[in-house]
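Structural features, examined
Listed below, chain by chain, are the residues.
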Amino acid sequence: MASFLISLALLGRSLAFVFPRQRALTPLTVSRARTTEEIMAGPRSGTEICPPSGESLEMIAKQWANCAGAGIALASQNNTFYREETYEVKVQREGGLGLVLAELWSMDDGSGRGLVLVEEIVDGSNAAKAIGIEIGDTILGVSGKDGLRSGVSTQGMDWDTTVGALTGIEGPELTLVMQRLVKRGRIDVQVTGSQGQDLGTFNCASGSNLRTEFLRRSLPKDEIYDPFTNRFDAIGNAGTNCGGEGSCGTCLVAVTEGFDLCNLPGRVEGKALVKQGRPVRWRWSCRTVLGDGALGGNIKIQLQPQRAFADEQTKTEGLGV
């Protein structure tokens, strides 16, 4: 990591720009250059511009710098605490975009690799009216009137390349593909066993898979899977499971608290639960995401709720029935 950082040239440039029809750039603010040591030491002196998540631009840069330097998709170094969100937004060009972009990192090898983040959104500007862009976001790509055919990738590219894409695309409107670093919330999960026994509470990051967290904490497999429940994908076959493939339905749980903190069932799971007439709060643990949307909070889980109802264990409804 240290040798990689030494090879990075921190330019620290920031420029507010507008796009009249001539697509000329109008410089408004320029930050002084900062050294690698300064950025690794923390925020700039004075009033720091921070994204809504509370992280500084420098902290976001630390998370994405390795990927930017390697020319691969931007992903956080520590996915236990952060995750990425990608979205598209259309911004009108007439009168200017109203974005202030800051180049946090740049390779000095002429590759054009770097890291450019949104430092400010001008009040009342086209970018502000578009709704959705936030400080700390990065531009992954730009396209114009010709859609994807006119698209230019700016992911992990430096300031010159990014601004070149913004100015070079034709049309009265730009479509920006944006990415945001999102701080994960923390989830406390209280687990009750199949016989009503207290199996304790564990803490995990939002976005974690419930079955995976069970396995990480060495919960007995005969608590995770009910050996007496018929498989949804192989009727008449009990005592085995699909190993987390999301098809057998034998890892049923009841979310007794915090149901709104879990993701919605996907196509296969949702179809199976409806077809078998399972209660609304029952889920397959292998398809349950805790703290969906980076939310934090408390969730209570009852393992194998079907054990209390013999007819729930022996249901024969399945894909082939």
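Residues numbered from 1 in each chain as written. Predicted model: local features only at pLDDT ≥ 70, side-chain atom pairs only at ≥ 80, totals over all residues. Heavy atoms only, no water.

The topology assignment puts T161 in helix α5 (residues 159-168). Between the C-alpha atoms of T161 and G114, which are 47 residues apart in sequence, the distance is 9.1 Å. In this structure T161 touches G112 and T154, once residues within four positions along its chain are discounted. (Helix = DSSP H or I, 4+ residues; strand = E, 2+ residues; numbered from the N terminus. Contact = heavy atoms within 4.5 Å.)

The next point concerns the pairing of strand β8 (residues 186-192). In β8, alternate side chains face the same way, and those of I187, V189 and V191 are buried while those of R186, D188, Q190 and T192 on the opposite face are not. One ladder, built from 6 bridges, connects β8 with strand β9 (residues 198-205); its direction is antiparallel. By the bridge assignment, D188 is partnered in β9 with N203. Remark: 5 residues form the turn of the hairpin made by β8 and β9, two consecutive strands paired antiparallel; G196 in that turn has positive phi of roughly 85 degrees. Two strands pair when backbone bridges link them, and β8 and strand β14 (residues 297-303) are joined in this way by 6 bridges, in the parallel orientation. By the bridge assignment for β14, D188 is matched with N298. (Buried < 20%, exposed > 50% of the residue type's maximum accessible area, 1.4 Å probe, protein only. Pairing = 2+ DSSP bridges.)

By size, the foremost hydrophobic cluster in this structure holds 27 residues, and its most contacted members are V189, F214, W284, I299 and I301. Contributing elements (two or more residues each) for this core: β8, β9, α6 (210-216), β11 (252-257), α8 (267-275), β12 (282-284) and β14. No other element matches β11, which puts 4 residues into this core. When residues no more than four places from it in sequence are discounted, the contact partners of F214 are V191, F202, L219, I224, V253, S285, I301 and L303. (Core = buried A, V, L, I, M, F, W, Y, C linked by side-chain atoms within 4.5 Å.)

Such coordinate-based values are descriptive only and should not be taken to indicate function.
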